[in-house]
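A structural walkthrough
Below, each chain spelled out in residue letters.
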Amino acid sequence: ERDEVEKEYEGIQKDYMNGATVPGFRKGHAPAQLIRQRFGRNIGEDVCDRLVRRCYHDALKAENLSPIAVIDLRDVKCNRGEPFTMAIVVDIPPKFTLPAYKGLSLAGGRIDVNDEKVDQTIEGLRVKNAEYETVEGRPVADGDFALLDYDGVSDGTPVSQIVPKTVHLGSGRDFWVAAGKNGFVPGLLEALPGMAIGGTKTVSVSFPADFRAAELAGRKAEYSVTVKSIRVRKLPALDASFLAGFGVASVDELKNRIREEMLRSMREESNLRLKGEAAKTLLAKTEMDVPESLAEEESRKIIQEIVADKAMRGMTRDELIEKKAEIAKEADRSSKENVKLDYILDAI
């Protein structure tokens, strides 16, 4: 009310009169009119600030609100001799009905590690610890590792110019590959068996219509390939020396350890999947107006995480800028779901 505004003005003006230094007057003895002339603007701003804080807390108490954040302060009218008015927009916790959450039906799935999976893991450990021997006097055989130089051309244009961002598709120097396997260029590695060291061969390839590099999809190309060296992989025997490296004394002990680790990993993966399924169900069953301020804050965090992850995977700054709208859209959706789920779980 107007009289309350006047009290604030008089109180703050008195503070200025007691504390202000005015030439020609002792501190605290300058007349009120001179104080208003010299410090009127400052007094008005202080009154406004004090009334905003005071009335904000009074309004929260009167409305029984516990806001999350202040979104906006507007329409402030703070003039001496007039009532004080303002409008504050606040984010408040959402009101929602918690859905039934006990006894949710979730598809678990069987967790099992058979002997074949264990054997495959042991074979992988042998491959990881393998040694490679250079061979001479014979051509490349299926399963060998060959050191290549190669260049591809499609319709007279170097493939490296067609897909400049994926250089290894167009050309390579001192590039090790596994001969006879399905490779990064369709049909190229399958053509290596029979080639001699120092030999050069032209290989015709056809890129499928759904090839991962869209610029090459459905095109044909010719690759000039030179074999520079051949190696064979020697897997370590499952002997005491190999087993000691894993802290076990027997193959059975190694198998049991691998089985236990695989089961633990599968249980963790299953639990994460079930949590995700439960969260998805709860989100679908809950109607809620997600607070803007929390969603925006969460969205900023998600964007930073997405950008950092893609940059770590090799995406350039220009590529990130191209995907800016896509990243923002994904972050917006995820942020609202995250905030919504936090409220649901907090209520539970």
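To be clear, the structure that these remarks concern was listed above.
Everything quoted here is computed from the prediction, not taken from an experiment.

So, about the environment of Asn 79. Position of Asn 79 among the secondary structure elements: in the loop between strand E1 (69–77) and strand E2 (85–91). Sequence spacing of Asn 79 and Arg 2 is 77 residues, and the spatial spacing of their C-alpha atoms is 9.2 Å. Ignoring sequence-local partners within four residues, the contact set of Asn 79 consists of Val 5 and Tyr 9.

Let's shift gears to the packing of aromatic side chains. By the definition in use, this model includes 8 aromatic pairs. Ring geometry for Tyr 132 and Phe 145: centres 5.3 Å apart, planes at 90°, overall edge-to-face. Here the residue Tyr 132 occupies a position in strand E3 (residues 131–134), and Phe 145 occupies one in strand E4 (residues 145–154), the gap between them amounting to 13 residues. Seen from their ring centres, Tyr 150 and Phe 175 are 5.8 Å apart, and the 75° between their planes marks the pair as edge-to-face. Note that Tyr 150 is positioned in strand E4 and Phe 175 in strand E6 (residues 171–178), a separation of 25 residues in sequence.

What follows covers the side chain of Lys 340. Within the element layout of this structure, Lys 340 appears in helix H10 (residues 324–347). Glu 287 provides the closest opposite charge to the buried, unpaired Lys 340, separated from it by 6.0 Å. Residues within four places of Lys 340 in sequence aside, it is in contact with Leu 283, Thr 286, Met 288 and Val 290.

As a rule of thumb, nonpolar side chains are buried together in soluble globular proteins. Among the nonpolar cores identified, the biggest contains 30 residues, and Leu 192, Leu 216 and Tyr 223 are the most heavily contacted of them. Secondary structure elements with two or more residues in this core: E4, helix H4 (159–162), strand E7 (200–206) and strand E8 (220–234). Broken down by element, this core gets its largest block of residues, 6 residues, from E8. Non-local contacts of Leu 192, meaning those with residues more than four positions away in its chain, are made with Val 140, Ala 146, Leu 148, Val 177, Ala 179 and Val 225. Counting 16 residues, the second-largest nonpolar core is a separate cluster that includes Tyr 16, Val 22, Phe 39 and Leu 51.

What follows is about H10. Over its 24 residues, H10 runs 35 Å from end to end, which matches the ideal 34 Å to within 8%, given 1.5 Å per residue. The complete set of buried residues in H10 reads Ile 327, Ala 331, Ser 334, Ser 335, Val 339, Lys 340, Leu 341, Tyr 343 and Ile 344. Against helix H7 (251–285), helix H8 (292–312) and helix H9 (317–322) lie the buried residues of H10.

Moving on, we get to the state of the cysteines. Put plainly, two cysteines are in a disulfide when a covalent bond ties their sulfur atoms together. Applying the stated criterion across every chain, the model contains 0 disulfides. Free of any disulfide, Cys 48 has its nearest cysteine sulfur in Cys 78, 4.0 Å distant. The class of Cys 48 is buried, set by a relative accessible area of 18%.

Let us now look at the pattern of salt bridges. The final tally for this structure, using the stated rule, is 24 salt bridges. When the shortest N-O distance is used, the salt bridge between Glu 6 and Arg 80 registers 2.8 Å. Taken together, the residues Glu 6 in helix H1 (residues 2–19) and Arg 80 in the loop between E1 and E2 connect sequence positions 74 residues apart. Since its relative accessible area comes to 35%, Arg 80 is described here as partly exposed. For Lys 228, the salt bridge identified is with Asp 174, shortest N-O distance 2.6 Å. Of this pair, Lys 228 sits in strand E8 while Asp 174 sits in strand E6; the two residues are 54 residues apart in sequence, bridging distant segments of the chain. A cluster of three or more residues bridged by salt bridges with shared partners is formed by Glu 4, Lys 7, Glu 8, Arg 50 and Arg 54.

A word on the environment of Lys 14. Position of Lys 14 relative to the elements: it lies in helix H1. Exposure remark for Lys 14: the relative accessible area of 54% places this residue in the exposed category. Taking the C-alpha atoms as reference points, Lys 14 and Val 339, separated by 325 residues in sequence, lie 48 Å from one another.

Conventions and cut-offs
- Residues numbered from 1 in each chain as written.
- Predicted model: local features only at pLDDT ≥ 70, side-chain atom pairs only at ≥ 80, totals over all residues.
- Heavy atoms only, no water.
- Helix = DSSP H or I, 4+ residues; strand = E, 2+ residues; numbered from the N terminus.
- Contact = heavy atoms within 4.5 Å.
- Phe/Tyr/Trp six-rings, centres within 6.5 Å; stacked < 30°, edge-to-face > 60°.
- Buried < 20%, exposed > 50% of the residue type's maximum accessible area, 1.4 Å probe, protein only.
- Lys, Arg positive; Asp, Glu negative; His and termini not counted.
- Salt bridge = Lys/Arg side-chain N within 4 Å of Asp/Glu carboxyl O.
- Core = buried A, V, L, I, M, F, W, Y, C linked by side-chain atoms within 4.5 Å.
- Expected span 1.5 Å × (residues − 1).
- Disulfide = S-S within 2.5 Å.

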